[in-house]
Structures are given as structure tokens and as C-alpha cells.
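Spelled out from the first residue to the last, the chains are:
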Amino acid sequence: MSEAADSNSGDATPGSKSPEPWFRDGLRFECTCCGNCCTGGEGAVWFDDDEGREMAAALEESYPEFLVRYTRVIDGHRSLNEHLTGYGYDCVFLDREMVPGKAVCKVYNARPSQCRTWPFWPELMKSEKAWARAKRNTPCPGMGNGQLFTIEEIVGRLEQSRASEEKPW
Ligand code: SF4
Ligand code: SF4
């Protein structure tokens, strides 16, 4: 779950002093449960202790057991495990069997901030071009469709995403 930064943008940067970010009229997003953002190339799904404990509780497992069964350490930080499938490196909690034709998250209500804030990540929101590229490359059919998120709601998610990125994992 990562996207390269767009260095060729002339759009306003979220959080800058510009009063008119490119998403000032809001953006549409509604997940179709295709699973594309939970697979792909090798990556990481970071979480902190509180988020890990919530996922463990959702699975009715002890936290130590959860850490051993579903996670690994990358560069000193905890990530959820992945496994290689015909689609790519699926997150350990991506379930392609439970709902026919859908890929759903087994810990959806306890998923970590990295997942909750998608696709309103700072690197995707820095320009319309970066957003469009993420929509195309993931590909994410939910981006640009469905529920309208206001600029205030988007900024709230951006702040949540930034806060999780700043955690000393
Ligand atoms: S890629 Fe988009 S539509 Fe597909 S699961 Fe992820 S958020 Fe939902
Ligand atoms: S925890 Fe859930 S939402 Fe997050 S990457 Fe894994 S399957 Fe996707």
C-alpha cells in the first residue's frame, strides 16, 4: 500500500497556505471491495501497539499470539504479514473467499490507520495528477466514484494519516 510521490505537480499542496487546494469541491470515494489496495508488490501495513491490540481482540487472540502469527518486523517496525497469491502479495487479512466476487478485510472494523485513511494519503493528495495516478496504478475503482467527501472530511483524514506516519514505529 504505497505510492510514489509526484514531483511534477503545480497544484496546491494539502496543508500549505493556499486557500484553494485542488480538491476544494470534495472528492468521491466508495470502496467496491476489489482488494487491489491490499495486494500488489511487496509492501508493509504498519500498525502501532494500540492498533495491534484492537486487531488481536477482533480476532479473539492474545496480543503475543497475534504478533507471532500475523506480523513481522521490517527495519525495526511492525508490519502485517503478506503472502503471495495469484493477485500479488496479499495482506494476511485479505479474504477472497468469504464474499463471492469480493475481497474483504477480516479485521475491517479494527484495521489500522494506514488502511482507514486510504486513499486520502498526503502523497496521493498533493496533486490531482498524483490522485489520478494512484487511481490508475492501484487500480482503485472506488476513487472518484460514490460517496462525496467534503474538503473538511478529506483534511481530517489527511491529518490522521500524517499523525500515523509520524509515530516512532
Ligand atoms: S482498491 Fe479501492 S475499491 Fe478496491 S478495495 Fe481498495 S479502496 Fe476498495
Ligand atoms: S488490514 Fe485489511 S484493509 Fe488493511 S491491508 Fe490488510 S486486508 Fe487491507
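Structure first, text after, so check above.
This section reports on the structure supplied with the text. Within each chain, residues carry numbers counting from 1 in the order of the written sequence. Here every chain gets a letter starting at A, and every ligand a number starting at 1, in the order they are written. Given that the model is predicted, a residue must reach a pLDDT of at least 70 before its local features are reported, and side-chain atom pairs must reach 80 or more before they are shown or counted; all residues, however, enter totals for whole chains, interfaces and linings. Only hydrogens and water are removed before side-chain values are computed, so all heavy atoms of the structure are retained for them.

### Looking at the site of ligand 1
The cutoff for a nearby residue is simple: one of its non-hydrogen atoms must lie within 4 Å of the molecule or strand. Near ligand 1 lie 13 residues; those nearest to it are C31, C34, G35, C37 and C140. All amino acids are sorted into three groups, where Ala, Val, Leu, Ile, Met, Phe, Trp, Tyr, Cys and Pro are nonpolar, Asp, Glu, Lys and Arg are charged, and the leftover types, Gly among them, are polar. When its residues are assigned to classes, the shell around ligand 1 shows nine nonpolar, four polar and no charged.

### Regarding the nonpolar core
Residues L27, W118, F120, M125, M143 and I154 are the most contacted members of the largest nonpolar core, which totals 17 residues. Secondary structure elements with two or more residues in this core: β1 (27-29), α4 (122-125), α5 (128-137), β8 (143-149) and α6 (151-165). In this structure, M143 is in contact with R28, F29, W118, P119, L124, W131, A134 and K135, ignoring residues within four places of it in sequence. Of all hydrophobic cores here, the second largest spans 15 residues; its members include M55, Y63, L67 and Y70. Take the buried residues of types Ala, Val, Leu, Ile, Met, Phe, Trp, Tyr and Cys, join any two whose side-chain atoms come within 4.5 Å, and each joined set is a nonpolar core. Burial here depends on accessible area, computed with a 1.4 Å probe over protein chains only, as a share of the maximum for the residue type. Under 20% is buried, over 50% is exposed, and the range in between is partly exposed. Secondary structure counts use DSSP, requiring at least four H or I residues in a row for a helix and at least two E residues in a row for a strand, with both numbered from the N terminus. By the convention used here, residues are in contact when the closest approach between their heavy atoms is within 4.5 Å.

### A look at unusual backbone geometry
In this structure, the amide linkage connecting W118 to the following residue, P119, adopts the cis form with an omega of 0°. Looking at the secondary structure, you find P119 in the loop between α3 (113-116) and α4. The phi angle at E60 is positive, at roughly 60°, despite the residue not being glycine. Following the sequence through the fold, E60 ends up in the loop between α1 (49-58) and α2 (63-70). Since its relative accessible area comes to 74%, E60 is described here as exposed.

### Things to note about α6
Expected span, for any helix, means 1.5 Å times one less than how many residues it has. The end-to-end C-alpha distance of α6 is 21 Å, a good match for the 21 Å that 15 residues give at a rise of 1.5 Å each. The set of residues buried in α6 consists of I154, L158, S161 and S164. Projected down its long axis, α6 carries its buried residues within an arc of 125°, all on one side. Looking at the buried side of α6, the elements it contacts are β1, α3, α4 and β8. Here the arc refers to the directions that run from the helix axis out to each C-beta atom.

### Topic: the packing of aromatic side chains
Ring geometry is summarised as follows: Phe, Tyr and Trp rings, the Trp one being its six-membered ring, pair when their centres sit within 6.5 Å, and such pairs are stacked at plane angles under 30 degrees, edge-to-face over 60 and tilted between the two. Applying the stated criterion across every chain, the model contains 12 aromatic pairs. Taken together, a centroid distance of 6.2 Å and an interplanar angle of 45° make the contact between F29 and F149 tilted. Here F29 is found in strand β1, whereas its partner F149 is found in strand β8, with 120 residues between them in sequence. Ring geometry for F47 versus F66: centroids 5.9 Å apart, planes at 80°, classification edge-to-face. With a gap of 19 residues between them, F47 in the loop between β1 and α1 and F66 in helix α2 connect regions that are remote in the sequence. By relative accessible area, which is 2% here, F47 ends up buried. A network of ring pairs unites the aromatic residues W22, F23, F29, F120, W131 and F149 as a single cluster. The ring of Y87 is capped by R96, whose NZ or CZ atom sits 3.5 Å from the centre of that ring. Its end group placed over the ring of Y108, R111 keeps NZ or CZ at 3.8 Å from the ring centre. Geometrically, a lysine NZ or arginine CZ counts as sitting over a ring once it is within 6 Å of the ring centre and also within 35 degrees of the ring normal.

### So, the environment of K126
Tracing the sequence through the fold places K126 in the loop between α4 and α5. According to the relative accessible area criterion, K126 is partly exposed, its value standing at 24%. Linking K126 and P21, residues 105 residues apart in sequence, is a C-alpha distance of 8.8 Å.

The analysis is restricted to geometry; functional conclusions fall outside its scope.
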